[in-house]
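# Architecture and fold: a report
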Amino acid sequence: MKLALLGPEERRYSELRLLKEAKKVFETVTYFPISKLVLEFDEKEVKILYRGKNILEYDALLPRIPKSYMKFGYLLLCFAREQKIPIPISPESVLYTHNKFLTLIALAQANVPIPKTYLSLKRATLEKILENIKYPVVLKLLYGCAGKGVMFADSKQSAISIMDMLEAFKQPVFVEEFIKNPGEDIRAFVIGEELVACMKRKAKKGERRANIAAGGVGEKYEAGDEERDLALRAAKALGMKVAAVDILPGKKKYVIEVNVYPGLKGIENATGINVARKIVEKVYELATSV
Ligand SMILES: Nc1ncnc2c1ncn2[C@@H]1O[C@H](COP(=O)(O)OP(=O)(O)O)[C@@H](O)[C@H]1O
Ligand SMILES: [Mg+2]
């Protein structure tokens, strides 16, 4: 069995962990850096090449596609899907999960609870809504990650000044209801039909974002039935057999994000679970069941 691991040119913790574990499960593992690939195609044949090796001749494809490569990555996965190569995520999930608004739409369509959300191109069109909304509100860049691009406004006045800045940078204005929480969120790692690892992230003092990159600390967490159900439904809604789902805890729970390119370090360290191995085993199972 041959595995093609697709990812950024620079291999960091997560890519290295996947490579290491994949070599224990597959006979051959090749790392394909997305930025060095050539798509060669005519009306008869398609190849996705790197140093003479064609991804489309592998038994399975495990993609790690960062936001900067999402469109090219999507195309690559479409070609691989056409060739019926097993992939643990749908090509569409790359486009959807790298865009917070599309993610929320897919979740809402699957009846997964999400915060009330507004999207508009101009601040002025949201002016009325800002009068009646409860503060604080959350403003987000559609393509942010690691907590960067998530902003909180405690009043209409500060919401407006953030929106003006977004408009000046030609960014859509994306406003979310603030879900009251004790500065914590739940990161649920789904593989197949299972919640394989779960951590609670606590924001550092004086910070509302629980991301580890924003100073948050992760600790192992036993998910309840409701959180498990939400995580599995969220992953399914986006067509993903490998997904990291962010849930805001509280009396009512909300899914705020699904990650297609999650880091493995935080979750492996917090839980002691070999998540990389479980991902690779799932891909092996997909490859051997075609
Ligand atoms: N609607 C919300 N209400 C309260 N806190 C939020 C909300 N949305 C995000 N947060 C906080 O901000 C963090 C980052 O938000 P998220 O949407 O997951 O963006 P990122 O892609 O940057 O991780 C969350 O983990 C959570 O702590
Ligand atoms: Mg997040």
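Refer to the structure above for everything that follows.
Owing to the predicted nature of the structure, the values given are computational and were not obtained by experimental measurement.

### Section: the overall build of the chain
When helices and strands are tallied, the chain shows nine helices and 15 strands. A compact globule built from 290 residues should have a C-alpha radius of gyration of about 19 Å, and the chain, at 20 Å, falls within 12% of that. Across its three principal directions, the C-alpha atoms of the chain cover 60 × 45 × 30 Å. Expressed as a percentage of the 290 residues in the chain, the buried residues total 52%. A fraction of 65% describes how many contacts in the chain between residues 6 or more apart in sequence connect residues 24 or more apart. Of the accessible surface of the chain, which amounts to about 14300 Å², a share of 51% is contributed by carbon and sulfur atoms. Of the side-chain charges in the chain, 48 are positive and 36 negative, and the distance between the mean point of each set is 4 Å.

### Looking at the side chain of threonine 271
Position of threonine 271 among the secondary structure elements: in helix 8 (residues 265-271). Apart from residues no more than four positions distant in its own chain, threonine 271 is found in contact with Ala197, Cys198, Met199 and Lys220.

### A word on the sheet that holds strand 5 (residues 53-54)
Strand order in this open sheet of three strands is 3-4-5, and the pairing throughout is antiparallel. Two strands lie at the open edges of the sheet, namely strand 3 (38-41) and strand 5, each paired on one side alone. Where strand 3 meets strand 4 (residues 46-50), four bridges bridge the pair, whose relative direction is antiparallel. Note that in strand 4 the partner of leucine 39 across the bridge is isoleucine 48.

### Quick look at the site of ligand 1
The local shell around ligand 1 holds 24 residues, among which Lys100, Lys140, Gly147, Asp185 and Glu257 are the closest. Glutamate 176 has a polar side-chain atom sitting 2.8 Å from a nitrogen atom of ligand 1. Those elements that place two or more of their residues in the shell around ligand 1 are strand 8 (137-145), strand 9 (148-153), strand 10 (173-177), strand 14 (242-248) and strand 15 (254-259). With four residues, the single largest contributor to the shell around ligand 1 is strand 8. Considering only residue class, the shell around ligand 1 consists of ten nonpolar, four polar and ten charged. Mapping the shell around ligand 1 onto the domain boundaries places at least three of its residues in each of domain 2 (117-177) and domain 3 (181-285).

### Section: the coordination of the magnesium ion (ligand 2)
Distances from the magnesium ion (ligand 2) to its protein donors, Asp246 (OD) and Glu257 (OE), fall within 2.0 to 2.2 Å. With aspartate 246 in strand 14 and glutamate 257 in strand 15, this residue pair connects regions lying eleven residues apart in the sequence. Given a relative accessible area of 13%, glutamate 257 falls into the buried group.

Parameters at a glance
Residues numbered from 1 in each chain as written. Chains lettered and ligands numbered in written order. Predicted model: local features only at pLDDT ≥ 70, side-chain atom pairs only at ≥ 80, totals over all residues. Heavy atoms only, no water. Helix = DSSP H or I, 4+ residues; strand = E, 2+ residues; numbered from the N terminus. Rg over C-alpha atoms; globule rule 2.2 N^0.38 Å. Buried < 20%, exposed > 50% of the residue type's maximum accessible area, 1.4 Å probe, protein only. Contact = heavy atoms within 4.5 Å. Areas by Shrake-Rupley, 256 points an atom, 1.4 Å probe, with all protein chains shown as cover. Lys, Arg positive; Asp, Glu negative; His and termini not counted. Charge placed at Lys NZ, Arg CZ, Asp CG, Glu CD. Pairing = 2+ DSSP bridges. Near = heavy atom within 4 Å. Polar contact = N/O pair within 3.5 Å; in protein donor to acceptor, adjacent residues only side chain to side chain. Nonpolar A, V, L, I, M, F, W, Y, C, P; charged D, E, K, R; others polar. Domains from an automatic or database assignment. Donors = N, O, S within 2.8 Å, 3.2 Å for Na, K, Ca; no water.

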